[in-house]
Amino acid sequence: MIHGIGTDICDVRRIRASVERHGERFAQKILSEAELAAWRRRSARWPERGLRYLATRFSAKEAFSKAVGLGMRMPMHWRRCEIANQPSGQPCIVLHGPLKDWFEARHLVAHISVSDESDYAASFCVVERLPPVRE
């Protein structure tokens, strides 16, 4: 059963302005440790690619927060929601701490799609409620 859906479009130029204003501190607020390491690698090789990576993660986390119905209220927190990739390259959501506990207690599973172009990043998230496991 569908629990919720969420979508978000992020203007990469706004992310650029935030990074210019706040430096790495902005990325540290949004990204998990694993995402931060990937952002640093991408930014070092191609700064524009690093900005788009940050924008897609920002957008995906916004879409996820809408799909679960929490917005940016506890237990939802930027760093507790990680956008990773399956070996196939498909994006997936990895949750941490109290957000993971909250999500699993409700038997939820999330599906995320991300896309970016030069000026925009977009994400779409579907959260399903799985039937309880019967023993």
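For the structure, check the block above.
Model, not experiment: these values are computed from the prediction. (Residues numbered from 1 in each chain as written. Predicted model: local features only at pLDDT ≥ 70, side-chain atom pairs only at ≥ 80, totals over all residues. Heavy atoms only, no water.)

Visitor: What am I meant to see in unusual backbone geometry here?
Guide: Most peptide bonds are trans, and most residues other than glycine sit at a negative phi. For the bond from Met-74 to Pro-75, the omega torsion is 10 degrees, close enough to zero to count as cis. With respect to the element layout, Pro-75 can be found in the loop between helix H4 (47–68) and strand S2 (81–85). Positive phi outside glycine occurs at His-107, with the angle close to 55 degrees. Residue placement: His-107 occurs in the loop between helix H5 (97–105) and strand S4 (108–116). (Helix = DSSP H or I, 4+ residues; strand = E, 2+ residues; numbered from the N terminus.)

Visitor: Explain the packing of aromatic side chains to me, please; I cannot follow it from the model alone.
Guide: Describing an aromatic ring pair means giving the distance of the ring centres and the angle of the ring planes. Scanning the model with the defined rule gives two aromatic pairs in all. With a centroid separation of 5.7 Å and an interplanar angle of 50 degrees, the aromatic rings of Phe-64 and Phe-103 are classed as tilted. One end of the pair, Phe-64, is in helix H4; the other, Phe-103, is in helix H5, and 39 residues separate them in sequence. Note on accessibility: Phe-64 and Phe-103 belong to one class, buried. In this structure, Arg-52 is placed above the aromatic ring of Trp-46, and the distance from its NZ or CZ to the ring centre is 5.3 Å. (Phe/Tyr/Trp six-rings, centres within 6.5 Å; stacked < 30°, edge-to-face > 60°. Buried < 20%, exposed > 50% of the residue type's maximum accessible area, 1.4 Å probe, protein only. Lys NZ or Arg CZ within 6 Å of the ring centre and 35° of its normal.)

Visitor: In this structure, what is going on with the environment of His-107? I would like to understand it.
Guide: Given the relative accessible area of 38%, His-107 is considered partly exposed. Taking C-alpha positions, His-107 is 7.3 Å from Pro-131, a pair spaced 24 residues apart along the chain. In contact with His-107, other than residues within four places in its own chain, are Glu-128, Arg-129 and Leu-130. (Contact = heavy atoms within 4.5 Å.)

Visitor: Please explain the pairing of strand S3 (residues 91–95) as it appears in this structure.
Guide: The two faces of a sheet get side chains in turn, since along a regular strand they alternate between them. Counted residue by residue, S3 has four buried out of five residues, so it is predominantly covered. Of the pairings in the sheet, the one linking S2 to S3 comprises five bridges and is antiparallel in character. Among the inter-strand pairings, Asn-85 is bridged to a residue of S3, identified as Pro-91. (Pairing = 2+ DSSP bridges.)

Visitor: For this particular structure, what's the right way to read the packing of helix H3 (residues 33–45) against H4?
Guide: Packed helices, taken two at a time, are described by the angle their axes make and the gap between the axes. Viewed as axis vectors pointing N to C, H3 and H4 meet at an angle of 150 degrees, and their least axial separation amounts to 5 Å. By the angle between their axes, H3 is roughly antiparallel relative to H4. Contacts between H3 and H4 involve Glu-35, Ala-38, Trp-39, Arg-42, Ser-43 and Arg-45 from the former and Pro-47, Arg-49, Gly-50, Leu-51, Tyr-53, Leu-54, Arg-57 and Lys-61 from the latter. A per-class count over the contact of H3 with H4 returns six nonpolar, two polar and six charged. (Axes fitted to C-alpha atoms, helices over the stretch in contact; angles between N-to-C directions. Parallel < 35°, antiparallel > 145°, perpendicular 65-115°, else oblique. Nonpolar A, V, L, I, M, F, W, Y, C, P; charged D, E, K, R; others polar.)

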